[in-house]
Structures are given as structure tokens and as C-alpha cells.
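Spelled out from the first residue to the last, the chains are:
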Amino acid sequence: MDVTVGVGAVSGVRAEEVLAAVDAVLPPGARVASLATLDTRAAEPGVLAAAAERGWPLTGHPAGVLAGVAVPSPSARVAAAVGTPSVAEAAALLHGAPLVVPRTVHGRVTVAVSACPDLDHHGDRELAPGLVDLAVNVRAGTPPPWLREVLLRAMDDVAGYPDAGPARAAVAAAHGRDPAEVLPTSGAAEAFVLLARAVRPRRAVVLHPSFTEPEAALRAAGHPVERLLLDPPAYRLDPAGVPDDADLVVLGNPTNPTSVLHPAADVAALARPGRVLLVDEAFADTVPGEPESLAGRTDLPGLVVVRSLTKTWGLAGLRVGYALGPRELVAAMAAAQPHWPLSTPALAALTACTTPAARAEADAAARELAVHRAALLAALPPGVPVLGEPRSSFVLLRVPGGERVRAGLRGRGWAVRRGDTFPGLSPDHLRVAVRDPATSRAFAADLAAILEGGPSPVPMPTTTSHPAAVPEEHR
């Protein structure tokens, strides 16, 4: 279990005091992902030395930020002294994870511990033979036949080294950009890693709940990360809530897992000189017309847009994506890439999927998706809240007893994405992929039966996880 340790200490505290306090409360097997405290305490030699001795990332937060965190044990005395009613608990809770160790005083040091969500958990971990896949957001029936032909023809050229030039030019033409502002990547995930290697942020802020790979990449590169939790149930971006001094801001649009589409004007308002604004648009092409995409904006300083071919074209196993941004930053990201990072078939797919005909096909698929999403929402049992205003290929639900419900769904043959590994969500949150209306109605019927306490049926006899192959009794 990864944990964040919040620390409060007096001026002049020694490193051994800090380490003894942490060791006294650290749960067995826990790994400290971050040591967090007040910014003035993060500059204390003893705190710095303690973090350095154990190799723990150290994050200091301003008093005003910590004062905005609701804590179980606020102190008027602490507030009068440092400007926030809590340091240890607030610093631990700021990342949106639950406390596993409340405020504990150990000599001149106060500590609190929160558990970090599993940032490496993704929807494919939910799958198993015999389960209908509502956990992964790849469009059913993909890749289409014409794209399969493109991939097969590309195999004739695999003896030579890949040439990314045509793919870069095709992407640039699709978005009205210079090819120097385009970087083909091995899926969106590689783009996050490359950016984390190319920048050195002083204050990195990731908006959550959202896809966890950007934060995981930043942490792996040694950057402290601050989480900004969007307010439920709407999970809408408020540009004013983002700290002015954040020099790296990360968000998704549409956002995974909430399916919320933020207005382009609100996202663009976050761009400013001296800041890198990373917008994950992996699901942008699931929205008809891509109305809130910033992929074509070259006037916004520091804007990096990451796109993926995984979802709409069914290329998760091929790993195809790209980043768009200022040429200097794109060049810095490219410098962190190995030679020939994308295969010849992947580059052929990238070229083919950015043609006007392919983009028109993607838009038609997005329009059909909107119809299917409406059918899923209409079929859900009464009283099951749908959070946010879903605009992408999945919806976020909240159900009582989420772990029991998810297990019941697996028993009836359905794989859905658990929500508690997304910062800011709980085990009662479930992400459900949009499928065809017949599949959605069958799923909703089983969900209703589970919520009503009905018995679990004999497991479904299918061995496929493809949503198009729903057993007859579930059609």
C-alpha cells in the first residue's frame, strides 16, 4: 500500500525525530509515496534530511491551501500559530485519499497517514474469460475491415526502419498545425511519460478524478504532485480553483472516469506564460464534432494536447497516440524518446486514421455512441445516480455497497470498472462502458436484480469478453 504521510513539526526539529514519528505509525508493508507538510516546514533542515535519508518525495503546501481541507481534528492553537487549523491531517488528506492513521503526536512531531489509490489499476484488470466487457472503453467491432487491411499491408514494410514523417504530416494536416508541433507516441501513456521527463515543475497540480497515468508518470519522474479534487456530483472545472502559481496543470477532456466534457473556454483559461497545461483528449473523438477540443489551438502558451487512437479504432494492442504542443516542448519530449518508438504498422494506422474520410467515420461513430449512451441511461434502475453529465463512451454510477454490487455483477457475467482507484472516488463508484442498447438493457436488468437482493444465477457459459457476444439470455 502506498501512503502519503502528513507531518507537522516545530522549528528546529531533527531528522531522527521525524523518522521516529513516521516509523511509529506507518502501517505494515506501507510504502511512503510522499511526505507532505506546510511549505515553511518543508524548508526545515531536519524535515529535508529525513526525506532525503529515506528517498521520500517531499511536498510543502501553503497554509491557505491546507486551511481549505476539512479535517477530523482541527486546532485553533495551530491555526493561530501557522495560519491553518491542521498541518499533518490536512497535508495527508489534500491528495483526496482516506486517512488510515489519524493525527498522532510523537514528541515534537505530529503525523497522519492517508492511503493512496492504486494508480496502476486500469479497466483491463477487471476482465476474465466469460465476462462481458463493460470495463474497457474500446469501441466494439474495431478495428474496422479497412483498417485491418492497412495494418496487413504495412507488414510488407517491416523489414525497414519506421519513418514517422508521413504520420506526423498527416496529424499536422488534420489539426491545422506545423509538423514540428506533432509527436507520434506509443499510445497516450508514453506521451505522459515523455512530458514528465521533459519538464521540471515547481508545483504540479493534477485535477481529479481523472485518468491516473499522468500522475503516475509525474511521480515516477520524481515530481511531487498536488491533487485538486473537482466537486461532486457535477465534477465541473472551475478555472478559479486552480492555484495561480501552479506551473504544470493536468486534466482530461472529456474526463475519465466522470465522462464530463469541460467547456473549451474554461480549459483555455488555464493557459498562461510560464505554465505547461496538459490536456488529455484521449476521448475527444467520442464527442460528435469535438466541440471542446483544443487540438488546433496554437495561440495558447504551454498547451500540450494528448490524443489516442485506442478507443475509437480499437488499437489498444498496437499502442498509437500523439502529442500536440509548442515546438520547443515537443522537441524536448522527443529527446526523451528512444529511436523508432512506433512500429511501421502503428505509424500506418496513425496516417490512415487522420484522413478526412476516417475522421468522418469517427464522427459518425460518436453520433451513434450518443444514441447508445441515452439507451443505457434510460435502462438504468431508478435511484441509481449517474454522476456528472456524461458525454463520452462511459458513465459513472454510484451504488450503495459498491464492492458487493461489483462482485454480484461478475457473478452474473459482467465486468465493470471499480471506482476507488481513482483519486476522489470510493468503492461505491462504478464506471460502465456504453455498449449497444440490447447489451445495456441486459446489464441494467441484472444490476436491478442485484440491488433488489435477488439470487445470483449460474455463471454465464460464454468464454468471450467481447460485448457483441452477449449470451442469448442477456440480449
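Preceding block: the structure.
Keep in mind the model is a prediction, meaning the values are calculated, not measured.

Thresholds, definitions, all that
- Residues numbered from 1 in each chain as written.
- Predicted model: local features only at pLDDT ≥ 70, side-chain atom pairs only at ≥ 80, totals over all residues.
- Heavy atoms only, no water.
- Helix = DSSP H or I, 4+ residues; strand = E, 2+ residues; numbered from the N terminus.
- Rg over C-alpha atoms; globule rule 2.2 N^0.38 Å.
- Buried < 20%, exposed > 50% of the residue type's maximum accessible area, 1.4 Å probe, protein only.
- Contact = heavy atoms within 4.5 Å.
- Areas by Shrake-Rupley, 256 points an atom, 1.4 Å probe, with all protein chains shown as cover.
- Lys, Arg positive; Asp, Glu negative; His and termini not counted.
- Charge placed at Lys NZ, Arg CZ, Asp CG, Glu CD.
- Salt bridge = Lys/Arg side-chain N within 4 Å of Asp/Glu carboxyl O.
- 1 Å grid on protein atoms, 1.4 Å probe; cavity = no way out; pocket = protein on both sides within 12 Å on 5 of 7 lines; lining within 4 Å.
- Points joined across faces, edges and corners; volume = space filled by probe spheres on them.
- Phe/Tyr/Trp six-rings, centres within 6.5 Å; stacked < 30°, edge-to-face > 60°.
- Lys NZ or Arg CZ within 6 Å of the ring centre and 35° of its normal.
- Pairing = 2+ DSSP bridges.
- Right-handed = clockwise from strand over helix to strand, strands pointing away.
- Core = buried A, V, L, I, M, F, W, Y, C linked by side-chain atoms within 4.5 Å.
- Axes fitted to C-alpha atoms, helices over the stretch in contact; angles between N-to-C directions.

*Asks:* Sorry, what's going on with the overall build of the protein here?
*Replies:* A tally of helices and strands in the protein yields 17 helices and 17 strands. In terms of C-alpha radius of gyration, the protein reaches 24 Å, essentially the compact-globule figure of 23 Å for 475 residues. If one aligns the C-alpha atoms of the protein with their principal axes, the spans along those axes are about 70 × 60 × 40 Å. Buried positions account for 55% of the 475 residues belonging to the protein. Once local pairs closer than 6 in sequence are excluded, the contacts in the protein between residues at least 24 apart make up 73%. If you sum the accessible surface of the protein, you get close to 18800 Å²; carbon and sulfur atoms cover 56% of it. If the 42 positive side-chain charges of the protein are averaged to one point and the 48 negative ones to another, these points end up 2 Å apart.

*Asks:* Just checking my understanding: could you explain the pattern of salt bridges for this structure?
*Replies:* Where charged atoms of side chains with opposite charge meet at close range, the side chains can pair. In total, this model carries 21 salt bridges according to the counting rule given. Here Glu181 makes a salt bridge to Arg177, at a shortest N to O gap of 3.3 Å. According to the relative accessible area criterion, Glu181 is buried, its value standing at 15%. In this structure Arg177 comes out as buried when scored by relative accessible area, which is 10%. The salt bridge involving Arg307 is made with Glu281; its shortest N-O contact spans 3.2 Å. Of the two residues, Arg307 sits in strand 12 (residues 303-308) while Glu281 sits in the loop between strand 11 (276-280) and strand 12, which places them 26 residues apart along the sequence. Here the two residues Arg307 and Glu281 agree in accessibility, since each one is buried.

*Asks:* Looking at this model, I keep getting lost on the layout of surface pockets. Mind explaining?
*Replies:* Rolling a probe over the atoms, with the probe sized like a water molecule, indicates the empty space that remains. Empty space within the largest pocket amounts to approximately 520 Å³. As for the largest pocket, its lining consists of 24 residues, of which His122, Phe211, Thr310, Lys311 and Arg319 are closest to the centre. Elements that contribute at least two residues to the lining of the largest pocket include exactly helix 9 (187-198) and helix 12 (310-313). With three residues, helix 9 is the largest single contributor of residues to the lining of the largest pocket. A volume near 400 Å³ is recorded for the second largest pocket. Forming the walls of the second largest pocket are 21 residues, and the residues nearest its centre are Gly8, Ala9, Arg77, Val78 and Thr110. Contributions of two or more residues to the lining of the second largest pocket are made by strand 1 (2-9), helix 5 (76-82), strand 4 (99-106) and strand 5 (109-115). In terms of residue count, the dominant contributor to the lining of the second largest pocket is helix 5 (four residues).

*Asks:* Looking at this structure, how should I read the packing of aromatic side chains?
*Replies:* A complete count under the given rule lists five aromatic pairs for this structure. Taken together, a centroid distance of 5.5 Å and an interplanar angle of 75° make the contact between Trp146 and Trp313 edge-to-face. With a gap of 167 residues between them, Trp146 in helix 7 (residues 145-154) and Trp313 in helix 12 connect regions that are remote in the sequence. Residue Trp146 is classed as partly exposed on the basis of its relative accessible area, which comes to 30%. Taking NZ or CZ as reference, Arg139 lies 5.7 Å from the ring centre of Trp313, over its face. Geometry around Phe394 places Arg431 over its ring, the cationic atom sitting 5.7 Å from the centre.

*Asks:* Could you clarify how one ought to interpret the pairing of strand 1 in this entry?
*Replies:* Here strand 1 lies mainly inside the structure; seven of its eight residues are buried. Note that strand 1 and strand 2 (residues 31-38) share five bridges and pair parallel. Paired with Val5 across the two strands is Leu35, which belongs to strand 2. After leaving strand 1, the chain enters helix 1 (residues 15-25) and then returns to the sheet as strand 2, a path that is right-handed. Pairing of strand 1 with strand 5 involves seven bridges; the strand directions are antiparallel. Looking at strand 5, one finds that Val3 is bridged to Ala115.

*Asks:* How do you make sense of the nonpolar core when you look at a structure like this?
*Replies:* In summary, soluble globular proteins display a tendency toward joint burial of nonpolar side chains. One finds Leu207, Leu251, Leu277, Leu309, Trp313 and Leu315 to be the most contacted residues of the largest nonpolar core, which totals 48 residues. Formed by 23 residues, the second largest nonpolar core is a distinct cluster that contains Ala188, Leu248, Ala323 and Met333.

*Asks:* Can you help me understand the sheet that holds strand 4 in this one?
*Replies:* Within a sheet, neighbouring strands are paired by backbone hydrogen bonds and run either parallel or antiparallel to one another. If you walk across this open sheet you meet the five strands as 3-2-1-5-4, and the pairing is mixed. Taken across any chain shown, the strands that pair with only one partner, and hence form the sheet edges, are strand 3 (58-61) and strand 4. Recorded for the sheet is a direction-independent mean angle of 20° between the axes of neighbouring strands. The pairing of strand 4 with strand 5 spans five bridges and is antiparallel. Residue pairing across strands places Val101 opposite Val113, the latter belonging to strand 5.

*Asks:* Help me understand the sheet that holds strand 8 (residues 204-208) in this model?
*Replies:* Read across the sheet, seven strands follow the order 7-13-12-11-10-8-9 without closing on themselves; strand pairing throughout is mixed. For this open sheet the edge positions go to strand 7 (182-185) and strand 9 (225-229), each flanked by a neighbour on one side alone. Between one strand and the next, the sheet's axes are offset by a mean angle of 20°, whatever the strand orientation. Alignment of strand 8 against strand 9, held across five bridges, turns out to be parallel. Bridge pairing in strand 9 places Val206 opposite Arg227.

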